[in-house]
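Here are the chains, one letter per residue:
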Amino acid sequence: MINEYRAELDRLRAVSGSRRESVLREAFKDLLKRWGRANDLQFIAEHDILTRQMTRIYIDGALLHGLRVPFGYWEAKDENDDLTAEIDAKFRKGYPRDNIVFTDDVTAVLWQDGTEVMRADMQGDDDSLLNLLTRFFAHERAEIADFNKAVKQFATDLPEILKALRDRIAEKHAASRDFAAAVAAFLQHARDAINPAVSDDDVREMLIQHILTEDIFAKVFNDPDFHRKNNVAAELYKLEDKLFEDRGEKPALLRALDPYYAGIASTAALIQSHSEKQGFLKALYEDFYKAYNRKAADRLGVVYTPGEIVRFMIRSADWLCEKHFGRNLIDKGVEILDPATGTGTFIVELLEHFRGNHDKLRHKYRQELHANEVAILPYYVANLNIEATYQAITGEFAEYENLCLVDTLDNVAALGIYSGHQFEMFGAITDDNIKRIKRQNSRKISVIIGNPPYNAWQENYNQNNANRPYQRVDERIKQTYIKEGTAQNKNSVYDMYTRFVRWASDRLGDEGIVAFVIGRKPIAKAAYDGFRKVAEREFSDIWLMDLGGDVRDNPRLSGTTHNVFGIQTGVMIALLVKRKGKGGAVIRYARRPEMETAADKLAWLGQVSTFGEVATEAIVPDRRHDWLNQATNNWDEFLPLVNPKLGLEAPSSAAKAIFRLTSNGLETGRDEWAYDENLGYLKDKIEWFIGQYNKAIHSGDRRFVKLDRQLNRHFQKRTTLNFNLKAIRHAEFRAFSGRWVYFDEFLNAYHSRLHGFFLDEEYNPTIAYDGMAADYSFTALSVGGLFDKGLTKTGNGRAQGVARYRYTKSGERVDNITDWGLNKFVAHYGKKAGITKDAIFHYVYAVMHDPVYRDKYALNLKREFPRIPFYPDFVKWAAWGETLMAMHIGYEDVEPWAVERVDTPNARRAEGTHPKPILKSLPEQGLVRVDEDTQITGIPREAWDYRLGNRSAIDWVLDQHKEKTPRDPTIREKFNTYRFADYKERMIDLLAKVVRVSVGTVAITEAMKALDRSGWDEGAETK
Ligand SMILES: C[S@@+](CC[C@H](N)C(=O)[O-])C[C@H]1O[C@@H](n2cnc3c(N)ncnc32)[C@H](O)[C@@H]1O
C-alpha cells in the first residue's frame, strides 16, 4: 500500500511541477481521501465546526471515524500567504490543534496535540511528505482509542445483554400483572398502527431498542426532554418504568455497556455543529442496528441515502412539479410524503431546500411534510433529526407531528381515495400516533419521495429472512404488474421496490409525482415486463437516472467501489409523473459511465442542479416492454421452442411451439443430503434424515432436519415419511458428472414437472439449456434422463429441458415434439427433405450449439425461451446435432483420448495416506495436475474451448471431484464420506473421455462458425 501512496506522491509532485496550484490541492485532497478510506476514515470537504468561542468555522477537509468522531483535519493556503503566520491566525480563530495538516504549494506542516511536529517539502523528492502523512494517519487520541475499543466490545457484549434484557422482560411479564397489561395495551396500539402482524416479541424488541438507545439520544442532543416528548417514546418510557421499578436494576443490567456509553458521551460532547449531529445519527442508525440485529437491518433496508442523491431528487421533483403542475414543492397545498424515512434525510433536506422562506417553511413543517417509519430506532432518529433541523433553521422548536410509526404498505386506508375509492379508517383508538396516521390518510398527497428498503429476494427459504406478504398491495400487484407480465417466475416481482411503487402510485390518486431510489431490476430485467407495461400506462413522464453498480451483471464492478450504496445490485433513481387522463409515458433515461466510482457518481449528482440539466435519451419501449437493452433482429420470426404459458392440461395442439412441455431441472433444496456418488451412502443419509424428521414431528426438535418450504408444509401437517428405494435414481448433477439422487416429492423442493419426462427410468433424451437470467452465454447439454437445475450452473440461471418424449397424466409415453412443429418444418423444407421428429430434435440441438446463433441472439436468449431459425441445409445441421448428442449423452462410452499419465509417487509419504488432490488444469501446457503424484498430459489445447457456462467441460469434471467441506453441519459431522482417492482412477478415465467429447464438439462448432452465411434468410413463418 505504501508503494501506491508513493506513486500517488510522485504524481502529486509531477502535477505540482506544472505549478497549477488548484490541481495540486485537488491531488493532495485525493491522497488524503484514499489514505483515509484505507483506514476507514471518511473525508468531508468544507467541514463545519463550532469552536470553543462558539463561532462557526469551515475547515478545508476533515477525516472522520465511523461514528463521525473527528480524526484529523487539513487546511490549505495559497502559496503567497505566509504559512506560519496563517497557522497562528487559524489557531487564534479556534482551529483544532490535536491533528491537523496545513499545506501551501511548497510546504506541509503537521501539528499534533498542540505542537508543531514536522514540516515537509511538498515538491522535493525526499520522503519527508510520506513521513508526515504516515505520522498524521498514525495519530491516535486516547479517548478515540478507548471509544473504538468500546464499539468493538459493544458488538461482542450485546448478545449477552440482549439475552439478559429478554429474560428480565419475560420474568416481569409473568410476575407483574400491571406490566403485562401495559405490554398488552402497547401491543394493541402497535397492531393497529404499525401492522396487524406485530407480536409480543416485536413489542419486547422495541422496548429493548428503546432502553439501549434512550441515553444516547438524550446525550447527543443534551436535552433529555427532546426525546421524552415524542408520543411513542413517552409510551415506551412508561413501559420501561414499569419494567424497572427498582431504579438500580437497569444500570446493573447494562453495566457491561458502560464504556460504550461513556465513549458516546465524550464523543457527543465533541459534536457541536448541527450537521455533525446529523452525521452521527446516520452512523448510529446503521452501526447500531447492524450490531443489534443484522437480519432485521437487511430486511428493512437500514442504510441511509447519501445527501447528493437526496438533494438531486428533491431539486428534480421540484422542477417537475413546476413544469407539469405549475407549482413548487414549497407552495401551499403540495403535500409531500417520505414513506420509508429512515433517518429522515429526505424531510431534513426538504427543510433545507425551503430555507429562507420562513412562513412557508413553517406551514410546510407543521402541515404538509409527512414521513413514515416502521422500526422504532430509525423512527427516533428521524424524529430527532427532523426536529433539530427545523430548530437549527428557524431558531424555534416545534414538535414534528407528521411522523408516523407505521408500516406504510399496510396502511392502505387512503389508497385510491382521490380516484373515487372507499375511505376506510381505524376503529375508535385515539392515541397520538393513530391520530397522526389518520391525519396523514385524510390528506391529498402530491409528492411521494424516498428510498424504499432494498431487500434482496430471499430465494433461500432457510435464510428465513423473506419479507412478509402485504395482502392489499400484493393483490394490486397481481391485478396489474403480474397480470400484464409474461414472466415465468412471478415471485420476484413482489419485491419491496415494486410494492412501494404500487403503493405510491395508488396513494397519489390522479396526479402527482413519485420520486424513488429503486433497484435497476424493475427497469432492466425481463421478469418485470408487466411492471414496465403498467408504468407506461399509469404515468405520463418517467425520468430514470441509472447509477449502475450492478455487480451481478458485470463482475468487473465492485460493490464498495462502484455502487453508491456499496451493494451488489444496481441502483436507479426514478421520477414518475402522474397526470390526469395522460398515460403512454414519455421515458427519458440517463446513465453514468459503467466504471465510474461511487464517489464520482455522487460528486456528479452534487453538481447538476436538476434532471432538466442532464442530457437524456428517449426510450421507446419495444413490443416486450423492454426499456433497456432492446434487441433488434429477426428473432420474433423464428419458431418458439416451447410455450411456457401453456398449462399442463392443455392439448398438444395448443402449444404452437416445437415442444409441448418444458421443465426446470431438479431442485432438491438440500443437495448435500439428496445426492451422492455412492448409492449406499445416499441410502444411509436419506434413512437417517427421514428418521430424524419423523422424530421431530413428535418432539418438535428440528435441529437436524433442514426444512425447506415444501417439507415445512408436510411438517406442519405432521405427515410422516417412509424411505422409498425406488426413489433413488441416477441423475446428471453437473456437466459430465452423474450422481445418485433421491427423487421424491417430499424431499425435493421442486420436481413436479420432471415427472412428465422421467416418470420411470426409461431412456428419454433431453436437451437441457440454460439461458434466461444466466450470467454466462447460452449453454445447451443433452442428457439421457434426470438432470439438476444446476447442470451448467451459471449464476442466477437454471437449467431447463425439453425431452424427446413425455408422459401424460395417465402415464402414457407420447411424443413431446408437436405436430404443429413438424408441420412448420415440413412446410419450410418441403416433403422431400425427409423431416422426422427425431431429425428436428437433433437439428434443434445443433442450432443451440451454433456459435453465431449464441452470439447474435445473446440478448434474446437471456430474456426469453429459445426460438429456432430455419437454416439452409437442414440435413447437415440435423446430422451435426445427432453426433453432438451421441457424444454428450454417451460421454461415458466414448473412446478415451490417448492422454499420457505421469506418476511420480512420493516415497516418503506415510503409509495409508493419499496424495493431496490438486485438480487443476493448465490449458497452455495441455496438462491437468490430478494430485501430488499424478499429472495427465497430451491434452489438445482446443479441448478447453468446449465451455459450458463459466467453465470448460474439463474443468467441470475437475471441479466435481474436489473434496469440499460440506456446508450442512450434520453432513459435515456424520456423512462427510467423499475422498478423492476413492475416485481417482475413475476420474482419470472420465477425464480422457471428456477430452474426446470436447475435441469432437469443438470440431463441429468450428465448422459451424466457418460456414459462409451470406444470403441466408433464417426467418420462418410462425403464424
Ligand atoms: C433505505 S432506508 C431509508 C433511508 C433514508 N432515506 C435515510 O437516508 O436515512 C429504508 C427505511 O425504510 C424503513 N421501512 C422498511 N419497510 C418499511 C415499511 N413497510 N413501512 C415504513 N418504513 C419501512 C426501514 O426501517 C428503513 O429505515
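Refer to the structure printed above.
## Re the environment of Thr213
Stage number 1. Within the secondary structure layout, Thr213 lies in helix H7 (residues 200-220).
Stage number 2. Along the primary structure Thr213 and Phe288 are separated by 75 residues, whereas in three dimensions their C-alpha atoms are 9.1 Å apart.

## Considering the site of the ligand
Stage number 1. Around the ligand there are 23 residues in total, and Tyr285, Thr305, Thr343, Thr345 and Glu373 lie nearest to it.
Stage number 2. In the environment of the ligand, an oxygen atom lies 2.7 Å from a nitrogen or oxygen atom belonging to the backbone of Thr305.
Stage number 3. Here Glu373 contributes a side-chain N or O atom positioned 2.6 Å from an oxygen atom of the ligand.

## Details of the side chain of His849
Stage number 1. Looking at the secondary structure, you find His849 in helix H30 (residues 837-849).
Stage number 2. For His849, a relative accessible area of 3% translates into the label buried.
Stage number 3. Within polar-contact distance, the side chain of His849 engages the backbone oxygen of Tyr845 at 2.9 Å.
Stage number 4. Discounting chain neighbours no more than four positions away, the residues touching His849 are Ala780, Arg854, Leu884, His888, Thr1001, Thr1005 and Met1008.

## Regarding the pattern of salt bridges
Pairing is possible between side chains of opposite charge, provided their charged atoms come close.
Stage number 1. In total, this model carries 68 salt bridges according to the counting rule given.
Stage number 2. A salt bridge links Glu761 to Arg729; the shortest N-O distance between them is 3.9 Å. Of the two residues, Glu761 sits in the loop between helix H28 (755-758) and strand S21 (766-770) while Arg729 sits in strand S19 (residues 728-734), which places them 32 residues apart along the sequence.
Stage number 3. A relative accessible area of 58% means that Glu761 is categorised as exposed.
Stage number 4. Looking at Arg729, the relative accessible area reads 8%, which means it is buried.
Stage number 5. Put simply, Asp931 and Lys984 hold a salt bridge, and the shortest N to O gap is 2.8 Å. Taken together, the residues span a long stretch of sequence, with Asp931 in strand S29 (residues 927-931) and Lys984 in helix H36 (residues 980-1010) at a distance of 53 residues. Note on accessibility: Asp931 and Lys984 belong to one class, buried.

## A few points about helix H20 (residues 496-508)
Stage number 1. Over its 13 residues, H20 extends 18 Å from the first C-alpha to the last, a length consistent with the 18 Å expected when each residue adds 1.5 Å.
Stage number 2. Most of H20 sits out of view: 13 of its 13 residues are buried.
Stage number 3. With a side-chain oxygen positioned 3.1 Å from the backbone nitrogen of Tyr497, the residue opening H20 is Asp495.
Stage number 4. A positive phi of about 80 degrees marks Gly509, the residue just after H20.

## Topic: the nonpolar core
Stage number 1. Counting residues in hydrophobic clusters, the biggest one holds 108 residues, and the most contacted among them are Leu212, Ile309, Leu329, Ile449 and Met545.
Stage number 2. Among the elements that make up this core, the one with the highest residue count is helix H17 (residues 376-394) (10 residues).
Stage number 3. Sequence-distant contacts of Ile449, defined by excluding residues within four places in its chain, comprise Met313, Ile314, Ala317, Ile336, Leu337, Asp338, Pro339, Phe346, Leu350, Ala515 and Phe516.
Stage number 4. Membership of the second largest hydrophobic core comes to 90 residues, among which are Phe758, Trp820, Tyr829 and Ile954.

## A few points about unusual backbone geometry
Stage number 1. Although it is not a glycine, Glu46 sits at a positive phi angle of roughly 50 degrees.
Stage number 2. Structurally, Glu46 can be placed in strand S1 (residues 42-50).
Stage number 3. Positive phi, close to 50 degrees, is recorded for Lys656, a residue that is not glycine.
Stage number 4. As for its position among the elements, Lys656 is in the loop between strand S16 (639-640) and strand S17 (663-664).

Each value, and the rule that gives it
- Residues numbered from 1 in each chain as written.
- Predicted model: local features only at pLDDT ≥ 70, side-chain atom pairs only at ≥ 80, totals over all residues.
- Heavy atoms only, no water.
- Helix = DSSP H or I, 4+ residues; strand = E, 2+ residues; numbered from the N terminus.
- Near = heavy atom within 4 Å.
- Polar contact = N/O pair within 3.5 Å; in protein donor to acceptor, adjacent residues only side chain to side chain.
- Buried < 20%, exposed > 50% of the residue type's maximum accessible area, 1.4 Å probe, protein only.
- Contact = heavy atoms within 4.5 Å.
- Salt bridge = Lys/Arg side-chain N within 4 Å of Asp/Glu carboxyl O.
- Expected span 1.5 Å × (residues − 1).
- Core = buried A, V, L, I, M, F, W, Y, C linked by side-chain atoms within 4.5 Å.

Nothing here speaks to function; it is geometry throughout.
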